Amino acid sequence: MPADYRKDHVMSEANSSHATELTSQYIAQVTGDLEHNVKEQERIGREIEALQEQLHALQNDHTVLVNMQQALGSANPAVEADTATAPSLPHQASAEPKQIKPKKAAAASTKRTESKKAAAKAPSAKAPTTATKPTLVDLIRGRLEQESEPRSAAEITTALTQAHPDRSVKTTVVRTTLEGLVAKSHAHRTKQGSSVFYTTAAASEPAAAEPQQEAVAG
């Protein structure tokens, strides 16, 4: 047998065995991957079944809770209905109905009397709160009486804001109120340059109202 033929035969056998080994490796790897895939499918399937069971349980709980909520929501009217119909049961007795009606009438009259007293007390309770809170006109008039010198609208606004921090006092409102007092002869107005000052009016010397345009210019 020639030497070249033997070499070719040996190389072909080596290549064949190498291909067989690779094929065996691929088969083993594919088989392992296939088994792993099947196991993963089974595991995920079990998890899906468990989640479905949990979902089903939650749906059942939701139905039960909704029914309980509806039952509790309609429980109060049912109790009121039973309470309202309870006094009608003693009609089977012979002598008791005559005694029950006067009690109902007395209870109703008592409730009416109590409601009237409560309604009468409500305005009287609110009256002191409104009476004890002076108006802005009263505050401005009192401030003018306390001042010994003429004051401008801005100065009076500052003094009222410091004395009553809970109230919102604006200079424009104070100036308008002061002009109203001047018009009613409850205050005097004097002008020094471009500034306007106000003082309280004496009872014996009522001040005449000056034109409104002058106040706007001040």
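How each quantity is defined
Residues numbered from 1 in each chain as written. Predicted model: local features only at pLDDT ≥ 70, side-chain atom pairs only at ≥ 80, totals over all residues. Heavy atoms only, no water. Core = buried A, V, L, I, M, F, W, Y, C linked by side-chain atoms within 4.5 Å. Buried < 20%, exposed > 50% of the residue type's maximum accessible area, 1.4 Å probe, protein only. Helix = DSSP H or I, 4+ residues; strand = E, 2+ residues; numbered from the N terminus. Contact = heavy atoms within 4.5 Å. Expected span 1.5 Å × (residues − 1). Pairing = 2+ DSSP bridges. Patch = residues over 30% accessible without salt bridge, like charges linked within 9 Å, V, L, I, M, F, W, Y side chains within 5 Å. Areas by Shrake-Rupley, 256 points an atom, 1.4 Å probe, with all protein chains shown as cover. Salt bridge = Lys/Arg side-chain N within 4 Å of Asp/Glu carboxyl O.

1. A short note on the nonpolar core
Part 1: Ile140, Leu144, Leu160, Val174, Leu178 and Tyr198 are the most contacted members of the largest nonpolar core, which has 15 residues in total.
Part 2: Elements that contribute at least two residues to this core include exactly helix H4 (136–146), helix H5 (153–163), helix H6 (171–183) and strand E2 (195–200).
Part 3: Beyond its immediate chain neighbours, meaning those up to four positions away, Leu160 contacts Leu136, Leu139, Ile140, Arg143 and Val169.

2. Digging into H6
Every α-helix carries 3.6 residues per turn, so stepping three or four residues along brings you back to the same face.
Part 1: Look at H6: 18 Å from first C-alpha to last across 13 residues, which is about the 18 Å you get at 1.5 Å a residue.
Part 2: Within H6, the full set of buried residues consists of Val174, Thr177, Leu178, Glu179, Leu181 and Val182.
Part 3: Just downstream of H6 lies Ser185, where phi reads positive at about 65°.

3. Examining unusual backbone geometry
Part 1: The backbone of Ser185 sits at a positive phi, close to 65°, despite the residue not being glycine.
Part 2: Within the secondary structure, Ser185 sits in the loop between H6 and strand E1 (187–192).
Part 3: The exposure class assigned to Ser185 is partly exposed, which follows from its relative accessible area of 27%.

4. Here we look at the pairing of E2
Part 1: In this structure, E1 lies alongside E2, joined through 6 bridges in antiparallel fashion. Bridging from a neighbouring strand, Gln192 pairs with Ser195 of E2.

5. Details of a nonpolar patch on the surface
Part 1: A cluster of nonpolar residues, Val64, Leu65 and Met68, forms a patch on the protein surface that exposes about 300 Å² of accessible area.
Part 2: Within the fold, Leu65 resides in helix H1 (residues 3–73).
Part 3: By relative accessible area, Leu65 is classed as exposed at 55%.

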